[in-house]
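A structural walkthrough
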Amino acid sequence: MRVDDPFDGLDSVRWSALTHAYGPATDTPELLRQLASDDPGRAHKAVAGLWGSLCHQGSVYLATPFAVPFLARLAAAGVRTTGLLALLGSIAESRGTRASDPADAARRAVADACGPLVPLLAADDPEVRSTTGWMLAQTRRGDLFAAAVAERWEHEPDTDVRCGLLRALHQLDPELVGGFASVVGAEQPPELRMVAAYVLTATGAPWDAAMFAAATAWMTHEREARRDLPWNTRFQDLVEVVFRQHGVDTAVSVVAHALGTDGPVPESVRLRGIDAAQDLVGRSRHASVLLVPLLAPLAGPDKVGVRALEVLRLIGPAAAAAATDAVLAVADRPGADQDADIALATLFEWRVPAALDLLARDLPDRPRALEAAANPLPNRPNRTRLPFHAGLFAAVRSRLRDLAAPSASGASRPTSLRDRTHALNEPVYLCNVLSAWGHEAADAVPDVLAVLDFSPFAASRTLATSGVATPEVVEALRHAAQDGGFSKREAVSLTLRGLTGDEASLLAAVETGLAGTGHELAAAAHAAAQLTEHSERLVPLLSEALARPAGPTRTTPDTEARIHVAHALWSLGAGPEAAVEVYADAFTWADSAIPSTWTVIAAIRAAAELGTAGAPLVPALTRLLEVPEYCSSAADALRAVRPAEFDTEAGQRDLAAKLVAALAASTQFMYQRPVVDALAALEPAAISGDVRLALEDLAARDERLVRHGTGLSPAGDDEALRRRIEDLLTRDRPEHPPEAS
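A brief report on the enclosed structure follows. Think of each chain on its own: its residues are numbered from 1, step by step along the sequence as written. The model is predicted, so local features are restricted to residues of pLDDT at least 70 and side-chain atom pairs to those at 80 or more, both for listing and for counting; the totals for chains, interfaces and linings are taken over all residues. Note that the side-chain values use all heavy atoms of the structure and ignore hydrogens as well as water.

Section: the packing of aromatic side chains
Whether two aromatic rings pair depends on their centres lying within 6.5 Å, for rings of Phe, Tyr and Trp, where Trp uses its six-membered ring; planes under 30 degrees apart make the pair stacked, over 60 edge-to-face, and the rest tilted. Across all of its chains, the model carries seven aromatic pairs by this definition. Aromatic side chains W15 and F70 sit 6.5 Å apart centroid to centroid with 50° between the ring planes, which places their arrangement in the tilted category. With W15 in the segment before strand 1 (19-20) and F70 in helix 3 (residues 64-76), this pair connects stretches of sequence that are 55 residues apart. Buried residues are those whose accessible area, probed at 1.4 Å on protein chains only, stays under 20% of the maximum for their type, while exposed residues exceed 50% and partly exposed ones sit between those limits. Overall, W15 belongs to the buried group, its relative accessible area being 6%. A centroid spacing of 5.4 Å and a plane angle of 50° characterise the contact between F388 and F393, whose relative ring orientation is tilted. Through a chain of ring-to-ring contacts, the aromatic side chains of F388, F393 and W437 assemble into a single cluster. Counting from the N terminus, the helices are DSSP H or I runs at least four residues long and the strands are E runs at least two residues long.

Have a look at this one:
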């Protein structure tokens, strides 16, 4: 290798045999050469191209380790040094790979190539010094680089760089950090004291008055370390590690200081405190209880008040008692006002009756509040339907008439993505509000018919809930069912069938849809499964759809369609052989690719309907039982297809243990709630011993079970999940028999 030529050996790599984020890595050598271009524009595009292909959204690929030596040589030679150091650090930071090589291959490549980059710790440019320290830290090779970083720390004059180097030392060799206890002292710069408090706390140092002073000193100076750099330690990072090491009460005490409970603080500090409070709410149940009385007095119309309101909204109805008056004051501001809109949406989520009056008054200017009224958050305690409100009813009817009227010439069109999305969804939300009122909204039927053409799904649903089947309604539905795409025809035809019992339009739409592909075919097959009286007409069409040759590339929509077609055939009386083959193929796909989770779940649920005829699928279902996302569906299916093994007392106990493990492993409510439902479907004897103890621990622990919810507030989903677990445990206690439903 020629050290004076950063491209030496570049053409010896078989780039065509390697892949990156976009396929074969044949463009990688040219992008590497363009980094040294005299044209700054070309060089900048090359950096962006290499980021996107070699380290796409934090993932690395087969080609990535092979490009690392050339990136390192270029950086050492002064070519785009800061940007390439950042890219190398991000490659080393990656915790996974979408390729088949070991996950740490790219990190090892960076560590192996870093020798010539260590001298950059002493570069003239402070940003190069900081980026070098951070990049070396991502290798996790303290044996190679900790000494060099520690030596640079001793001579580094720049405070921001020192902050980054201290964080890097903590990553490379946490044991070294214990020798830096003096850095929390008052003689040090405040932002450096905060980083020292972070690393010392993370390594187990006790929390005392000196640590508290170091953690909060930056608030007087309104300056953290540079927030826009990857090695920065933000205030919420410090609060998180305090929470992990010393508990929620200590963490909240630090946040409270930033919120101004111990004395006046600048606005910028309060905003940082609210950011940290939001993070704590997502991590700890008790934190929400402690933070509500601290945040509620801050809620109001100014910048700090609106941010406080947003966090209170995340906490959910538990914050209502303390904060409703403050939120009402913001929501009551008339006219187009985004903050008032968010406040009003919060009141709907908290089920505050006054919200109905305010939405009736300002309906056209309250898109978020309308959405909250139309789609009440699921899984909340004591969830009730939207109460009928005469003023809001009149406002909804008036708004529907405005939307149905021809647009005025010269009327402005929405420009932002949010506004354009609302323009598309507004008739849906308006119809959803009417649907919630059912027969009470029957007088609005003429207004709903007026939007049937451009909002057929929501309008059809509203007509169905109204129960109005006048000749005018029936004729309008029959006319709408004759044209448009399959989805529209299906929605309208289902409503027509529900109101009149007439299946002719639905059958015609299904026959058309079965000739399609992808999502349209899947939806048509799903509807066909319900038309049991027309099996003679539909079975040949379904069989023909299943027999069509697959395209050159397997797609999720096509796989989903085959699952629904096979299920429809079984539902209409065909034998199980085709269904077993299709479902087995979907399970193999789940093992070997990156499938759509819900498509695989659809196949598992369909397999359960086969009953014992699905016995050949048991090995695949048993494998899927080990995947948290599939565990609940697989457990239900195994009980159905092989009851002699899995629906016995011993079998249910084994399934319960798997389900509890899946519940503990997942952080997403959409997968956790079905697990609890599957546990509830088991006999009480299965919820005993270690399973019961594990469930009791999950229900009682302070740390959030749900980190990713289905709606606005994961905290609300977390509380709903715990209540469901507690209900399950109570049901299965002999001394507390279940109440009669």
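Here's the deal with the nonpolar core
The nonpolar core is taken to be a set of buried Ala, Val, Leu, Ile, Met, Phe, Trp, Tyr and Cys residues, with the residues joined through side-chain atoms within 4.5 Å. In terms of nonpolar packing, the biggest core is built from 165 residues, with W15, L35, L71, F235, L295 and F348 touching the most fellow members. Contacts: residue pairs with any heavy atoms within 4.5 Å of one another. Each residue touching W15, except ones within four places of it in the same chain, is listed here: L10, A25, T26, T28, P29, L32, A63, F66, A67 and F70. A527, A662, V675 and L721 belong to the second largest nonpolar core, which has 80 residues in total.

Quick notes on the packing of helix 18 (residues 320-331) against helix 19 (residues 338-349)
An axis is simply a line fitted to the C-alpha atoms; with a helix, the fit covers only the stretch in contact. Between two such axes, the angle follows the N-to-C directions and lies from 0 to 180 degrees. One way to put it is that helix 18 packs onto helix 19 with a least axis distance of 7 Å and a crossing angle of 140°. It follows that helix 18 is oblique to helix 19 by the angle criterion. As for the relative orientation of helix 18 and helix 19, their crossing is left-handed in sense. Residues T324, V327, L328, V330 and A331 of helix 18 form the contact with helix 19, whose own contacting residues are D339, A340, A343, L344, T346 and L347. Looking at the contact of helix 18 with helix 19 residue by residue, the classes come out as eight nonpolar, two polar and one charged. Roughly parallel means an angle under 35 degrees; roughly antiparallel means over 145; roughly perpendicular covers 65 to 115; every other angle is labelled oblique. Crossings are assigned a handedness: left-handed for a near helix turned anticlockwise from the far helix by less than a right angle, right-handed for a clockwise turn. Gly counts as polar in this scheme, as do all residues outside two lists: the nonpolar Ala, Val, Leu, Ile, Met, Phe, Trp, Tyr, Cys and Pro, and the charged Asp, Glu, Lys and Arg.

Quick notes on helix 6 (residues 126-138)
How far a helix is expected to stretch is found by multiplying one less than its residue total by 1.5 Å. For helix 6, with 13 residues, the first-to-last C-alpha span of 19 Å sits near the 18 Å given by 1.5 Å per residue. Counting buried positions over the 13 residues of helix 6 gives eleven, a clear majority of the element. Those residues of helix 6 that fall on the buried side of the exposure criterion are V128, R129, S130, T131, T132, G133, W134, M135, L136, A137 and Q138. Residues of helix 6 that are buried sit in contact with helix 4 (81-93), helix 5 (105-113), helix 7 (142-155) and helix 8 (159-172). Whenever a nitrogen or oxygen atom comes within 3.5 Å of another N or O atom, the pair is scored as a polar contact, on the condition that within protein one atom can donate a hydrogen and the other can accept it, and that pairs from neighbouring residues in sequence are kept only if both atoms are in side chains. A distance of 2.9 Å separates the backbone nitrogen of E127 from a side-chain oxygen at the start of helix 6, and that oxygen is part of D125. Downstream of helix 6 by one or two residues, R140 has phi in the positive range, about 60°.

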